[in-house]
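Here is what each chain is made of, one letter per residue.
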Amino acid sequence: MFYIREKHIRQASTREISRQQLIHLEMHAFQAQMDPHFIFNSLNAIHHYILTTSTDLASLYLTRFARLMRLIIRNCNREWVNLEEDIEALELYLQLEQLRFGPQFDYELEITPDVFQQVTFVPPLIIQPYIQEAIWRRLLLRPDKTGGCLRIRISRENEMLCVRIEDNGVNQGSSGENAHLSQGISIAAARLEAINARYNMRSAIREQELYNEMQQPCGHLVIINMQQIAAREAVM
């Protein structure tokens, strides 16, 4: 009886540490998403559209920016959101960046029919840091400043949610100027590991460089596999 009681106490203590670690990481993820550079640049773009009498663009940009901020703030203390909400925030971010950078990149977002967004739950703020990295560290660094392509495909594979993020940008590595991108990526990976431990899940992130027929670098691929909510409930 003493051994069983001690075992239960240790398990409860481990769960509490895991929960506190997750809360700590979620707060850091929120801080990373509320990046002052992104907020400043977005407000600058709105200001520019107002001064150049592009009132329609200014109104569109401001509306999307406000919706994105509302979603980020609403989801910052939620452990799970449905995929539909996460995709809405992701698309708003992509639309804002495309309004700013115009022809420098286009994006394609595909969600296969076997993914039911309203009943598929994911941790918020996991996918977006990898999108930001693809845009700022690779697509915007293309020498000709045009022709960038970002492809995002979300599908269901072997009871797992599979998110593929592929770009044809130029990999220039990290620098002090985009240290917040590295922080966002590190926090996303750490949160997924903490969620794996807390819920006994199987989720993983892997990255690889892409090469053409001449074995020259031609892009980058990130694959995020996350266990779906039905499977998560089965192990709780």
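Up top you'll find the structure we're talking about.
So, a few notes on the structure that sits alongside this text.

Conventions adopted
Residues numbered from 1 in each chain as written. Predicted model: local features only at pLDDT ≥ 70, side-chain atom pairs only at ≥ 80, totals over all residues. Heavy atoms only, no water. Helix = DSSP H or I, 4+ residues; strand = E, 2+ residues; numbered from the N terminus. Buried < 20%, exposed > 50% of the residue type's maximum accessible area, 1.4 Å probe, protein only. Axes fitted to C-alpha atoms, helices over the stretch in contact; angles between N-to-C directions. Left-handed = near helix turned anticlockwise from the far one by under 90°. Contact = heavy atoms within 4.5 Å. Nonpolar A, V, L, I, M, F, W, Y, C, P; charged D, E, K, R; others polar. Pairing = 2+ DSSP bridges. 1 Å grid on protein atoms, 1.4 Å probe; cavity = no way out; pocket = protein on both sides within 12 Å on 5 of 7 lines; lining within 4 Å. Points joined across faces, edges and corners; volume = space filled by probe spheres on them. Core = buried A, V, L, I, M, F, W, Y, C linked by side-chain atoms within 4.5 Å. Salt bridge = Lys/Arg side-chain N within 4 Å of Asp/Glu carboxyl O. Expected span 1.5 Å × (residues − 1). Arc of directions from axis to C-beta. Polar contact = N/O pair within 3.5 Å; in protein donor to acceptor, adjacent residues only side chain to side chain.

1. Comments concerning the environment of Gln128
Position of Gln128 relative to the elements: it lies in helix H5 (residues 128-137). Owing to a relative accessible area of 7%, Gln128 belongs among the buried residues under this scheme. Along the sequence, Gln128 and Ile185 sit 57 residues apart, while their C-alpha atoms lie 9.1 Å from each other.

2. Remarks on the packing of helix H3 (residues 55-75) against helix H4 (residues 83-101)
At a minimum axis separation of 9 Å, H3 and H4 run at an interaxial angle of 145°. The element H3 and its partner H4 pack so that their crossing is left-handed. Judged by residue contacts, Leu57, Leu60, Tyr61, Arg64, Phe65, Arg67, Leu68, Leu71, Arg74 and Asn75 of H3 engage Glu85, Glu88, Ala89, Leu92, Tyr93, Gln95, Leu96, Leu99 and Arg100 from H4. Taken together, the residues that form the contact of H3 with H4 break down as 11 nonpolar, 2 polar and 6 charged.

3. Quick word on the sheet that holds strand S5 (residues 160-167)
Ordered in space as S2-S4-S5-S7-S6, the 5 strands form an open sheet in which the pairing is mixed. Two strands close off the open sheet at either side, each with one partner strand: strand S2 (105-111) and strand S6 (204-211). Put simply, the sheet's adjacent strands are angled 15° from each other on average, direction ignored. Pairing of S6 with strand S7 (residues 217-227), which is carried by 8 bridges, proceeds in the antiparallel orientation.

4. Considerations on empty space enclosed by the protein
For the coordinates displayed, the defined rule picks out 3 cavities of 30 Å³ or more. Here the largest cavity is characterised by a volume of approximately 90 Å³. Elements with a minimum of two residues in the lining of the largest cavity: H3 and H4. For the lining of the largest cavity, the residue count by class is 8 nonpolar, 2 polar and 1 charged.

5. Considering the nonpolar core
The biggest cluster of nonpolar side chains holds 45 residues, and the ones touching the most others in it are Leu68, Ile131, Ile135, Leu150, Ile165, Ile224 and Met226. At 9 residues, the largest contribution of residues to this core is made by H4. With sequence-adjacent residues up to four places away left out, Ile135 is seen in contact with Tyr93, Leu94, Glu97, Phe105, Leu140 and Leu150.

6. Here we look at the pattern of salt bridges
Under the criterion given, the structure shown has 10 salt bridges. Linking Glu108 and Arg151 is a salt bridge whose minimum nitrogen-to-oxygen distance equals 3.7 Å. Residue Glu108 is located in strand S2, and its partner Arg151 is located in strand S4 (residues 148-157); the two are separated by 43 residues in the primary sequence. For Glu108, a relative accessible area of 43% corresponds to the partly exposed category. Its salt-bridge partner being Glu159, residue Arg156 comes within 2.6 Å of it at the nearest N-O pair.

7. Quick word on unusual backbone geometry
In the Ramachandran plot, Glu159 falls in the positive-phi region, its phi being about 65° despite a non-glycine side chain. Its place among the elements puts Glu159 in the loop between S4 and S5.

8. A short note on H3
Counted at 1.5 Å a residue, the expected span for H3 with its 21 residues is 30 Å, and the 30 Å between its end C-alpha atoms agrees. Taken together, the buried positions of H3 are occupied by Ala58, Tyr61, Phe65, Leu68, Met69, Leu71, Ile72 and Asn75. Mapping the buried residues of H3 onto a view down its axis gives an arc of 165°, with all of them on the same face. In H3, the exposed residues that point more than 90 degrees away from the buried face are Thr55 and Asp56.

9. A word on the side chain of Glu97
Checked against the element boundaries, Glu97 lands in helix H4. At a separation of 2.8 Å, a polar atom in the side chain of Glu97 contacts the side chain of Trp136. When neighbours within four sequence positions are excluded, Glu97 is seen to be in contact with Phe38, Phe105, Ile135 and Trp136.

10. Structural notes on the environment of Asn225
Note that Asn225 resides in strand S7. Take Asn225: its relative accessible area is 22%, and that puts it in the partly exposed class. Taking the C-alpha atoms as reference, Asn225 lies 9.8 Å from Ile154; in sequence the two are 71 residues apart. Beyond its immediate chain neighbours, meaning those up to four positions away, Asn225 contacts Met160, Leu161, Cys162, Arg202, Ser203 and Ala204.

Shape is all these values report; function is a separate question.
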